[in-house]
Amino acid sequence: MEDWVIELQGGRPDAAWDRLLARYRRLIFAAIRHYAQDYDDVMDIFARVCEALREDDLARLRCYAEQRFHGARFSTWLVTVVRHLTIDWFRHRDGRRRLSAVADGLPPLRRRIFELVFFDGRSSVEAYEMIRAREAPDLPFGRFLSELRETHRAATAGRRGRVLRELGPPPTPEPPRASTGATAERCQRLELALRSVAPEDRRALELYVMEGRPAREVADLLGLPNPKTLYNRVYRVLGTLREHFEQAGIRPGDL
């Protein structure tokens, strides 16, 4: 049991907070700097994270400490909480109008994709179906995926790229020579498979595989003891996903 948990369970929340902050301050800053580079932004976000964790007499931390079984290590849970608070901070500061400036120079179809994926949080399949139902009933799914990739590339460039990358995950590649219905179903299966992965495993895939960050850096962010532990986790998850895809009839070429 960690020392901050002992203090918290002993009715000493201030002591619990001091011990937690002393141990995890560097991890919190590292998680924040993944999205914010400006010094003032980093410090403002850090203040917001501390405020949120201390709200209601450390309610978030109490909730974690009182769970009998944990689906993730505390460091992994903490990084996830910091990530969500950071994204929320940017949403609140920039607001829809300022973030939408990213889409001002996009063609109409890409602007609509940007709105659905980045603002409304729709999946690629949902966005496609909504656009087909309202604006472009004859839009082929292959062209939609191409437009989605270009929208994602434009949105994630520049200073706000990492934040917007969180709001709109990278689109899946276009499967070759597939009908619209089959492709949509295949994308749904892919999304379901990724959702079935535990949050800490999915985060490892995002950082190490999708973003290509160094193994040592990812291990530190996730609170893992060394890069070898990260390798083992990533390859285990990839093996599980591969089996899931094969059972669903998705071949390597479809990915």
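Residues numbered from 1 in each chain as written. Predicted model: local features only at pLDDT ≥ 70, side-chain atom pairs only at ≥ 80, totals over all residues. Heavy atoms only, no water.

**Concerning the confidence of the model for the chain**
Close inspection of predicted coordinates is inappropriate for parts of the model with low pLDDT. Our working definition: One number per residue, pLDDT, summarises how confident the predictor is, and it ranges from 0 to 100. Under the scheme used here, helices are H or I runs from DSSP no shorter than 4 residues and strands are E runs no shorter than 2 residues, and both carry numbers assigned from the N terminus. Any pair of residues with heavy atoms lying within 4.5 Å of one another is described as a contacting pair.
When pLDDT is averaged along the chain, the result is 77, and 73% of the positions lie at 70 or above. Confidence scores differ between elements of the chain, with helix α8 (residues 161-167) showing the lowest mean pLDDT of 51 and helix α2 (residues 13-33) the highest of 92. Overall, residues 169-180 carries pLDDT values under 50, and its contacts beyond four positions in sequence, including any with other chains, amount to 26 contacts.

**Describing the nonpolar core**
The tendency in soluble globular proteins is for nonpolar side chains to be buried side by side. The condition that has to hold: Residues belong to a common nonpolar core when they are buried Ala, Val, Leu, Ile, Met, Phe, Trp, Tyr or Cys residues joined through side-chain atoms within 4.5 Å. Buried residues are those whose accessible area, probed at 1.4 Å on protein chains only, stays under 20% of the maximum for their type, while exposed residues exceed 50% and partly exposed ones sit between those limits.
Residues Trp4, Ile32 and Leu61 are the most contacted members of the largest nonpolar core, which totals 35 residues. Elements with a minimum of two residues in this core: α1 (3-9), α2, α3 (39-66) and α4 (74-99). Counting residues per element, this core draws most heavily on α3, which supplies 11 residues. Not counting residues within four places of it along the chain, the set of residues in contact with Trp4 comprises Ala16, Arg19, Leu20, Tyr24, Leu61, Tyr64, Ala65 and Phe74. Of all hydrophobic cores here, the second largest spans 16 residues; its members include Leu109, Leu116, Tyr128 and Leu139.

**Remarks on the packing of aromatic side chains**
Pairs of aromatic rings are described using the distance from one ring centre to the other and the angle between the two planes. The criterion, for reference: Working definition: rings of Phe, Tyr and Trp (its six-membered ring) pair if their centres are within 6.5 Å, and the pair is stacked with planes under 30 degrees apart, edge-to-face with planes over 60 apart, and tilted otherwise.
A full pass over the atoms with the stated rule returns 7 aromatic pairs. Centroid distance Tyr64 to Trp77: 5.0 Å. Interplanar angle 40°. Geometry classified as tilted. Pair noted here: Tyr64 is in helix α3 and Trp77 is in helix α4, with a separation of 13 residues, a long-range link.

**Some words on the side chain of Thr86**
The test is simple: Pairs of N or O atoms are called polar contacts if they sit within 3.5 Å, as long as, within protein, a hydrogen donor faces a hydrogen acceptor (for residues adjacent in sequence, only side-chain-to-side-chain pairs).
You can see Thr86 is positioned in helix α4. In terms of polar contacts, Thr86 uses its side chain to reach the backbone carbonyl oxygen of Val82, at 2.7 Å. Residues within four places of Thr86 in sequence aside, it is in contact with Ile32, Tyr35 and Ile45.

**Observations concerning the side chain of Arg233**
Within the secondary structure, Arg233 is located in helix α12 (residues 227-247). Owing to a relative accessible area of 17%, Arg233 belongs among the buried residues under this scheme. Beyond its immediate stretch of four places on either side in the chain, Arg233 contacts Glu200, Asp201, Ala204 and Leu224.

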